[in-house]
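Results of the structural survey
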Amino acid sequence: MDRGQMAKWFKDPVKMGHKYSLGVVYFATGCGIIEIPPTITTRWDAERFGVVPAATPRHANLFLITGYVSVKTLRAIIRTYEQMPEPKYLIGFGSCPINGGMYWDSYNTINSLDKYVPVDGWIAGCMPRPEAIFIAVTHLWTMIDKDMADGYKRYKKYYRQYRRNQERVLQHLEWPPLYPIGEGE
Amino acid sequence: MDKTLPEKIRENFPNADVSSVEEERLAVTVPKEELIDILSFVKNLGFDHLVMVSCVDWIDEGQFELVYIVTSYVSYNGESSGKGRQHIIVKIRIDRSKATFRTIIPVYQNAEPYEREIHELYGVDFQGHPRLTPLLLEREYPVPPFRKDFDSRNYVKEFFDSIPEIEEEK
Amino acid sequence: MRELELYFGPQHLGMVGNFSITLSVEGDRIVKATANPGFLHRGFEKLMEMRTWIQDFPLVCRINVIEPDSMEMVYAMAVERLAGIEVPERANYIRSVVLELARIQSHLFGLWGYSNLLGLDTVAQWAMYHRDLVLDLYEELCGGRVYHIYIWPGGVRRDFPEGFKDRIVKTLHTIGNSVPDYDSAFFNNRLFYDRAAGIGVVDKEEAKELGAVGQVLRAVGEKFDIRKVEPYAAYDKVDFDIPTREDGDAYSRIWVVRDEMIQSVHMIFKLLDQMPEGEVYNRVPNPFKWKVPKGETYVRVESSRGELGLYMVSDGGDKPYRVHFRTPSYTHGLILLERLLEGASISDVGNIMLSSYVVAPEIDR
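Residues numbered from 1 in each chain as written. Chains lettered and ligands numbered in written order. Predicted model: local features only at pLDDT ≥ 70, side-chain atom pairs only at ≥ 80, totals over all residues. Heavy atoms only, no water.

Topic: the overall build of chain A
Going by this rule: Where helices and strands are cited, they refer to DSSP runs of H or I of at least four residues and of E of at least two residues respectively, numbered from the N terminus. Throughout, the radius of gyration refers to the C-alpha atoms, and the reference size of a globule is 2.2 Å times the residue count to the power 0.38. The classification of residues rests on relative accessible area computed with a 1.4 Å probe and restricted to protein chains. Under 20% of the type maximum is buried, over 50% is exposed, and intermediate values are partly exposed. What makes two residues a contact is simply this: any of their non-hydrogen atoms within 4.5 Å. Computed by Shrake-Rupley with a 1.4 Å probe, the accessible areas treat only the displayed protein chains as cover when residues are assessed. Neither His nor the chain termini are counted; the positive set is Lys and Arg, and the negative set is Asp and Glu. One atom stands in for each charge, and that atom is NZ of Lys, CZ of Arg, CG of Asp or CD of Glu.
A count of helices and strands for chain A gives 8 helices and 5 strands. For chain A, the N- to C-terminal ordering of α and β elements is α-α-β-α-β-β-α-β-α-β-α-α-α. Taken against the 2.2 N^0.38 rule, which gives 16 Å for 185 residues, the C-alpha radius of gyration of chain A at 16 Å falls within 12% of a compact globule. Viewed in the frame of its principal axes, chain A has a C-alpha envelope of about 50 × 40 × 25 Å. Counting all 185 residues of chain A, 58% fall into the buried class. Partitioning the intrachain contacts of chain A with sequence separation of at least 6 by distance along the chain shows that 76% fall at a separation of at least 24. As presented, chain A carries roughly 7,500 Å² of accessible surface, and 57% of it is formed by carbon and sulfur atoms. Charge separation in chain A, taken as the distance between the mean sites of 23 positive and 18 negative side-chain charges, equals 2 Å.

The following block contains the structure:
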């Protein structure tokens, strides 16, 4: 949990503001979405942790990849992620985005999500319990405090590599690069 | 009705091979030219519910088996009559190398997404189908992925595993 | 007026699940709707061909996350039929109880989505809380909240723990006692009537022609329920009604769902009363060396959304040769939905979609 809050608020109020109002993108990417409704309703009440579902990616700064990612969903994930305003954090939920999980030999699921978008943290398990989301959120707080949740910065820095991998899987990206390709690395 | 059903089919379709797979499941193999006729025939007998269209890849025999399962909608009223349990599994064989066949949408409208899926996953071409556009897949695969000669594990190894990790400076 | 193309989903507030519809709209009226599934396609049937019979069990429940038990049931039934495995009487009763609990929690999940969509958030919170109580029962029974892997060929994995029956009864009393609250806050609410009545109307002939099952068919007055037509587990030993309505609109479909939940609660009480003692699992040969005899079969169960079938071919080996699931959402989501959306207004897309119970992972598989 978060200790010594008062000092942090004086030191860096903007960061603390981000930390305690994590808007989650409303996007059901996989079967892990089944544990999101219990998390945001009365029993577990994610609002205690400042986690609130946001209607559009432009109002959100936390993206939970809930479960396996098929090739078709990857396209939507990249587009959603690129629309989010900075600072933005991305957490892989469940075993499948880590290494494919149950679907390691499926021809239509990408096995490692972090080859295509930067991931700030993982929640392992199938299905992770709602408590696991809270543990992840509190970890994310610590990481934000220490400037370790730097996925969006890495995305900018190594954008050429990310874009190359995305193009290899999706064959054709119909949107222009988010950052200048020549820059970075 | 159950007793006479195989006889009725044999009477009208002498080329059909009728066998009982198990209780209440009747397998009928017909030459592919007769499929539309036999489906219209059983639909008129009251088999108005097309459950599914499936495809089995018998690679050793070089053939695809298209499977049409039909049964009837029954309104339950009072007692379990056993009516509505009878399923007919109509099967045809088509050549694997020349996988084209006619659509059955004129007989059963809800065959449309099933045929679309089989077209995509097995590469069977249904003539007369209004839209054989991609349904589920995003990428193009060397062989339609549900065919037996498509090795999914090999594909994953060769393609997804070959994509490099992001190299970061420490 | 100019015709526009509107992408509805997969990332959209009105969309439940990873599914997308392309709408051609004129003003706010939909001219043409094209369903665009495939965001959850994992090629299950291919994966199952590459795994042994027993390895398929953890896979098969993951096809549909909302109600995994009916998936396990249909797979277990197919294997039992092909391999000729008998199921003990007590296991049949336990299966029925588990499947009915699954139906209740699935309907509550549907109610959560639907009432959220209409803006009746209070009801959504209740529904999700009550669903969680059912999930607690599952957790006690098999250790998993969402995926259970509980129904096996030859029976169920383990017997009820001590005092479990009482806890089921207690939970169902909690849910049953709140039905008047649900009624006054949601089902008899004028808001619900105004939003749902006359929306997404389908008539009997069209519904049959398009392969509708489940609530969609029962909402047009057809008493079609696999539990009655072709009873499995212990459904032929217990008495229950099939609720129907006549109008065929979203309002009737949701009412059918409500009545079905109440029927399920009553049915579980009866099943628990009648449940015999005995074994819950017939010993089968070492499952890791299973070979299922050559043959083919089609089995079906009534899931919470309608007829769920499985066509299975075995070539006598240690792996299935071909499995193909007939899922209820498949025809609902791909052709019925497209037909119902024509002429509807944009604000009713989610309404029509949720009331006809389109669940995306079932379509894509």
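Considerations on unusual backbone geometry
Most peptide bonds take the trans configuration, and most residues that are not glycine carry a negative phi. All names here are of chain A. For the peptide bond that leads from Glu 86 to Pro 87, omega is -5 degrees, which places it in the cis range. Along the chain, Pro 87 falls in the loop between α4 (71-83) and β4 (89-93). Cys 126 connects to Met 127 through a cis peptide bond whose omega is -15 degrees. Of note, Met 127 is situated in the loop between β5 (121-123) and α6 (130-145). Here Asp 45, not a glycine, exhibits a phi torsion of approximately 50 degrees, which is positive. Within the fold, Asp 45 resides in the loop between α3 (36-40) and β2 (51-54). Positive phi, close to 60 degrees, is recorded for Asp 147, a residue that is not glycine. The residue Asp 147 is located in the loop between α6 and α7 (151-157) in this model. Assessed through its relative accessible area of 47%, Asp 147 is described here as partly exposed.

What about the sheet that holds strand β3 (residues 49-58) of chain B?
Residue and element names in this part refer to chain B. Stated precisely, the cut-off is as follows: Between any two strands, at least two bridges found by DSSP are needed for them to pair. Fitted lines through C-alpha atoms serve as axes, helices being fitted only where they are in contact, and the angles separating the N-to-C directions of these axes extend from 0 to 180 degrees.
With respect to topology, 5 strands assemble into an open sheet ordered β1-β2-β5-β4-β3, the strand pairing being mixed. At either margin of the open sheet sits one strand with a lone partner, and together these are β1 (17-22) and β3. Neighbouring strand axes in the sheet, compared pairwise and without regard to direction, differ in orientation by 25 degrees on average. One ladder, built from 8 bridges, connects strand β4 (residues 63-71) with strand β5 (residues 87-95); its direction is antiparallel. Bridging from a neighbouring strand, Phe 64 pairs with Ile 94 of β5. Across the sheet, helix α3 (residues 112-122) is in contact with β3 and β4; its angle to β3 comes to roughly 15 degrees.

Describing the sheet that holds strand β1 (residues 3-8) of chain C
Residues and elements named next belong to chain C. What the 3 strands build is an open sheet, ordered β1-β2-β3; its pairing is antiparallel. Of all strands in the sheet, those bounded by a partner on one side alone are β1 and β3 (29-36). Each strand of the sheet is rotated relative to its neighbour by a mean of 20 degrees, with strand direction disregarded. Bridge count for β1 against strand β2 (residues 20-26) is 6 bridges, and the pairing is antiparallel. When the bridges of β2 are listed, Glu 3 appears paired with Glu 26.

Describing the interface of chain B and chain A
What counts here: A quick way to say it: buried area is the sum, across both parts, of accessible area lost when two parts are put together, with a 1.4 Å probe. A carboxyl oxygen of Asp or Glu within 4 Å of a side-chain nitrogen of Lys or Arg is what we treat as a salt bridge. Residues adjacent in sequence count toward polar contacts only when both atoms are side-chain atoms; beyond that, a polar contact is any pair of N or O atoms within 3.5 Å, and within protein one must be able to donate a hydrogen and the other to accept it.
Each side of the interface is counted separately: chain B has 26 residues, and chain A has 25 residues. Roughly 2,300 Å² of surface becomes buried between chain B and chain A when both sides are summed, with 49% attributable to carbon and sulfur atoms. Area buried by chain B at its contact with chain A is led by Glu 138, Phe 160 and Ile 166 of chain B, which between them contribute 28% of it. The salt bridge partner of Arg 75 of chain A is Glu 138 of chain B, with a shortest N-O separation of 2.7 Å. At the boundary of chain B with chain A, the tally comes to 13 residue pairs in polar contact (both at pLDDT 80 or more). The biggest single contributor to the side of chain B that touches chain A is helix α4 (residues 152-158) of chain B, with 4 residues.

A word on the pattern of salt bridges
Residues and elements named next belong to chain C. This model, assessed by the stated rule, comprises 54 salt bridges over all chains. Ionic pairing is found between Glu 222 and Lys 208, a salt bridge with its closest N-O pair at 3.3 Å. Highlighted residues: Glu 222 in the loop between α10 (214-218) and α11 (226-229) and Lys 208 in helix α9 (residues 204-209), separated in sequence by 14 residues. Accessibility expressed as a relative area gives 5% for Glu 222, which makes it buried.

Re the environment of Tyr 20 of chain A
Residue and element names in this part refer to chain A. With respect to the secondary-structure elements, Tyr 20 resides in helix α2 (residues 13-20). We classify Tyr 20 as partly exposed; its relative accessible area is 21%. Here the alpha-carbon distance between Tyr 20 and Pro 118, two residues 98 residues apart in the chain, equals 22 Å.

What about the confidence of the model for chain B?
Note the threshold: Note on scores: pLDDT gives the predictor's confidence for each residue, bounded by 0 and 100.
Confidence in the prediction for chain B averages 82 pLDDT; 92% of positions are at 70 or higher. With a pTM of 0.89, the predicted complex shows an ipTM of 0.85.

Here's the deal with the interface of chain C and chain B
Residue-level contacts link 48 residues of chain C with 52 residues of chain B. Roughly 4,300 Å² is buried in total at the junction of chain C and chain B, and carbon and sulfur atoms are behind 53% of that figure. Considering only the side of chain C, the residues that lose the most area to chain B are Lys 46, Tyr 321 and Tyr 330 of chain C, jointly responsible for 15% of the buried surface there. Taken together, chain C and chain B are joined by 6 salt bridges. Here chain C is connected to chain B by 21 residue pairs in polar contact (both at pLDDT 80 or more). Counting residues per element, the side of chain C that touches chain B draws most heavily on helix α13 (residues 328-341) of chain C, which supplies 6 residues.

Examining the packing of aromatic side chains
Heads up, the condition is: Working definition: a ring pair exists when centres of Phe, Tyr or Trp rings (six-membered ring for Trp) sit within 6.5 Å. Plane angles under 30 degrees give stacked, over 60 give edge-to-face, the rest tilted. We count a charge as sitting over a ring when the NZ of a lysine or the CZ of an arginine lies within 6 Å of the ring centre and within 35 degrees of the ring normal.
Enumeration according to the criterion identifies 44 aromatic pairs over all chains in this entry. Aromatic side chains Phe 192 of chain C and Tyr 251 of chain C sit 5.0 Å apart centroid to centroid with 40 degrees between the ring planes, which places their arrangement in the tilted category. Here Phe 192 of chain C is found in helix α8 (residues 190-196), whereas its partner Tyr 251 of chain C is found in helix α12 (residues 250-274), with 59 residues between them in sequence. This pair shows no difference in class: Phe 192 of chain C is buried, exactly as Tyr 251 of chain C is. Feature note: the residues Tyr 107 of chain A together with Phe 64, Tyr 122, Tyr 141, Phe 146, Phe 150, Tyr 155, Phe 159 and Phe 160 of chain B constitute an aromatic cluster, connected by ring pairs. In this arrangement the basic side chain of Arg 48 of chain A is found over the ring face of Phe 134 of chain A, its NZ or CZ atom lying 5.5 Å from the centre.

Overview of the pairing of strand β8 (residues 322-326) of chain C
All names here are of chain C. Among the 5 residues that make up β8, 5 are buried, leaving the element largely enclosed by the rest of the structure. Side chains of β8 alternate between two faces, with Arg 322, His 324 and Arg 326 and Val 323 and Phe 325 buried alike. In this sheet, β8 lies alongside strand β7 (residues 306-314) in antiparallel orientation, the contact comprising 5 bridges. Its bridge partner lying in β8, Leu 310 is registered against Phe 325.

Some remarks on the environment of Tyr 129 of chain C
Secondary-structure assignment places Tyr 129 of chain C in helix α5 (residues 121-142). Once residues lying within four places of it in the same chain are set aside, the contact partners of Tyr 129 of chain C are Thr 42 and Arg 43 of chain A.

With respect to the state of the cysteines
All names here are of chain A. Formally: Two cysteine sulfur atoms form a disulfide, by the criterion used here, when they sit within 2.5 Å.
Inspection of every chain in the model, using the stated rule, returns 0 disulfides over all chains. Take Cys 31: it sits in no disulfide, and the sulfur closest to it among the cysteines is that of Cys 126, at 5.7 Å. Since its relative accessible area comes to 8%, Cys 31 is described here as buried. Of all cysteine sulfurs in the structure, the one in Cys 126 sits closest to Cys 96, which takes part in no disulfide; the separation is 5.5 Å. Classification of Cys 96 by relative accessible area gives buried; the value is 7%.

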